[in-house]
Amino acid sequence: MKLRALTNSLVGASIAIAFAALVFSMLVSRADRVDPGAEDADFVERLDLAPLEHMAVWSGGRLRSFDSFARARMSLIAGPERLNGLPPSAAYLDLMLRPEAYQMAEVLYVKKKPMRAQFIQALAGSGLDDPEWSERFLETGRVAPVMLQQPAIADLLTRWEMDVVRTAKFAEQIRAASRLMNPQAIGASLAVVPPPSGDPKQPWIPLTEIWAPGGSFSEPGSPLDALDDALRGEISASFSGFASAWRARDADAANTWLARFESLLHDVAPEVYPSEQHMALESLYFKASHLTWVWLIYLISAAMLLMATVYKWDRARWLGLGVFAIAFGLHTVALCWRWYVAGRWPNSNMFEAVTTAAWLGTAMIVVVELLARKTPMRNVFALCGAVASILGLMSAHYIPQLDASINNMMPILHDLWLYIHTNVIIASYAVIAMAAVSATMYLVRRAVGGSPDYARVGGAAALMEAATDASGEPARRSAGEVLDGVTMVLMELAFVMLWAGIVMGAIWADHSWGRPWGWDPKEVFALNTFLVFLILVHVRLKVRDKGLWTAILAVIGFGVMVFNWGVINFIIAGLHSYA
């Protein structure tokens, strides 16, 4: 009775959480549209940036939508949060067209809190260490560009650059952000004019060839010399008109000039300009919040599957599996959508690692659930997969450090082992999370007075037990046996995958860095996670209360994995800090 009451409470809480999250998401969406100041409210509200969704930018050897490019650049400059509440494309243009408004503004993003603390410590006693500013800087990570000119900060960055392994990359990130927000650099980065020759192998022409922030135009000898003089003049005049209207805060004129400019770009070389559909899909992907809200659908399926597991309701089972299939289908759409937009398999940063890991784990759970469909463990695997996907997609949706911007991969990641080692490791992490779900359910059952049952066969062998009784119904097992059996199946799978991933990582490290193992923090804690499960295997052989200790160690292993994936990536500097 206690377990059923607890189930009712969990189902009710799930529905309440789903509703509250939906309301919260709507409020956050509204908050994201807040403009930088009352005097600009009318201008920002009346801006029509739709032409930017169809405008292509040549960057890093590939074409991407202006909106996607601006998101990536603003992420490098100002971090994951919006700058002054402006959409990334508007903020990027504002940095170029009104640089004077940002000379003293807190714009540049310092990623990790330990680095922010060193900033504050370096300014101690300089008269600039205002407590209010220090608290705000620790929270937002943003600093004004003028701060980099302070001798104490300049010295600090120089010291960081001297430590090539640990801190040099953070100094370079800050200096790079400062360079990227320079108006000339922004104009040079916006390669929006197709090559007049129509050769798809030629790079596109930057905005600075037709317009410069200072008002001057390109000198003779520009790649645009091959373009018809009338069309070239129209392109230059349209963007100059747009820039003037933007600075004058004339939204109507800015909208007219921007639409004209975008239309003229297509006329330069229509044969190489990407389709509006491709560009629109890339922009729509971000407008749809990269479908990370699918966690709400997983939550509904988890509530139904929990009822099916506890009450043995066939209707709840089929409804739960149906909703689970819808959630997994949308999750698959999100993965393939990003794959199409990025032009590569999405697993090269933390956002992609988390969302792809959740998908890989859920795909494996679909297979295991099919294998277990006639065993007492049916429903529980899908329930564990749903909860793990909820955790992954919620993290991607709500944690700003999981930046969804689509960037080109770091050179070291252009390797076959990226697709082997990384996918195996992150899939094992997802399975570890799922095992922690069934282990937690087992511990809750024991906490409310459940008997110390455990799976006698244990692990994958439980899938090969007699699945049905003489009547053809699923064989009856106690809840403890079922939950412990699910935990062991998932732990055995995770154990093998994690060990294989570590070995593959050593091969890749030897190939990339010239050594298979270097005691990097991420390597160490991946090994620690494996050792926890190695201990679990041996402890289960010796202790009497096998179910209890298996569940405890499964949850501990999950905690070590989360520490490795979260704290190591965002707090502790190391060679694996790609995100």
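Note that the structure is predicted; figures quoted are calculated from it, not measured.

## Some details on the pattern of salt bridges
- If you walk through the whole model with that rule in mind, you get 16 salt bridges.
- As a salt-bridge pair, Arg247 and Glu100 come within 3.6 Å of each other at their nearest N and O atoms. Residue Arg247 is located in helix α11 (residues 229–247), and its partner Glu100 is located in the loop between α5 (88–97) and β3 (108–109); the two are separated by 147 residues in the primary sequence.
- Taking relative accessible area as the criterion, Arg247 reaches 46% and is therefore assigned partly exposed.
- The exposure class of Glu100 is partly exposed, given its relative accessible area of 42%.
- Each of the salt bridges in this network shares a partner with another, and the network as a whole consists of Asp94, Arg98 and Arg249.

## With respect to the nonpolar core
- Counting 91 residues, the largest nonpolar core has Tyr298, Phe381, Tyr429, Leu490, Leu498 and Trp565 as its most contacted members.
- It is helix α18 (residues 416–447) that contributes the most residues to this core, 15 residues altogether.
- In this structure, Leu52, Ala78, Val192 and Val193 belong to the second largest nonpolar core, which totals 73 residues.

## What to know about the confidence of the model for the protein
- Overall, the predicted model of the protein reaches an average pLDDT of 83, with 84% of residues at or above 70.
- Model confidence for the protein, summarised as mean pLDDT per element, is weakest for helix α1 (residues 2–31) at 48 and strongest for helix α17 (residues 380–398) at 95.
- Within the model, pLDDT remains below 50 along residues 18–38, and this stretch shows 23 contacts once partners closer than five positions in the same chain are excluded.

## What about the pairing of strand β2 (residues 62–65)?
- Relative to β2, strand β1 (residues 56–59) runs antiparallel, the two being bridged by 4 bridges. Each bridged residue has a counterpart across the sheet, and for Trp58 the counterpart in β2 is Leu63.
- Hairpin geometry of β1 and β2 is characterised by an intervening segment of 2 residues between the two adjacent antiparallel strands and by a positive phi of about 60 degrees at Gly60.

## Some words on unusual backbone geometry
- Notably, Arg249 is not glycine yet its phi reads approximately 60 degrees, a positive angle.
- For Arg249, the position within the fold is in the loop between α11 and α12 (251–268).
- Classification of Arg249 by relative accessible area gives partly exposed; the value is 22%.
- Unlike most non-glycine residues, Asn379 shows phi in positive territory, near 80 degrees.
- Mapped onto the elements, Asn379 comes out in the loop between α16 (350–371) and α17.
- Residue class for Asn379 comes out buried when judged on its relative accessible area of 5%.

## Some thoughts on the packing of aromatic side chains
- All chains considered together, the criterion is met by 21 aromatic pairs.
- Ring plane angle 80 degrees and centroid distance 5.3 Å describe the contact between Tyr285 and Phe286, whose orientation is recorded as edge-to-face. Each member of the pair Tyr285 and Phe286 is classed as buried.
- In this structure an aromatic cluster arises from ring pairing among Phe43, Trp211, Phe239, Phe242, Trp246 and Phe261.
- The positively charged end of Arg317 is found above the aromatic ring belonging to Trp318, 4.9 Å away from the centroid.

So, how was this worked out
- Residues numbered from 1 in each chain as written.
- Predicted model: local features only at pLDDT ≥ 70, side-chain atom pairs only at ≥ 80, totals over all residues.
- Heavy atoms only, no water.
- Salt bridge = Lys/Arg side-chain N within 4 Å of Asp/Glu carboxyl O.
- Helix = DSSP H or I, 4+ residues; strand = E, 2+ residues; numbered from the N terminus.
- Buried < 20%, exposed > 50% of the residue type's maximum accessible area, 1.4 Å probe, protein only.
- Core = buried A, V, L, I, M, F, W, Y, C linked by side-chain atoms within 4.5 Å.
- pLDDT = per-residue confidence, 0-100.
- Contact = heavy atoms within 4.5 Å.
- Pairing = 2+ DSSP bridges.
- Phe/Tyr/Trp six-rings, centres within 6.5 Å; stacked < 30°, edge-to-face > 60°.
- Lys NZ or Arg CZ within 6 Å of the ring centre and 35° of its normal.

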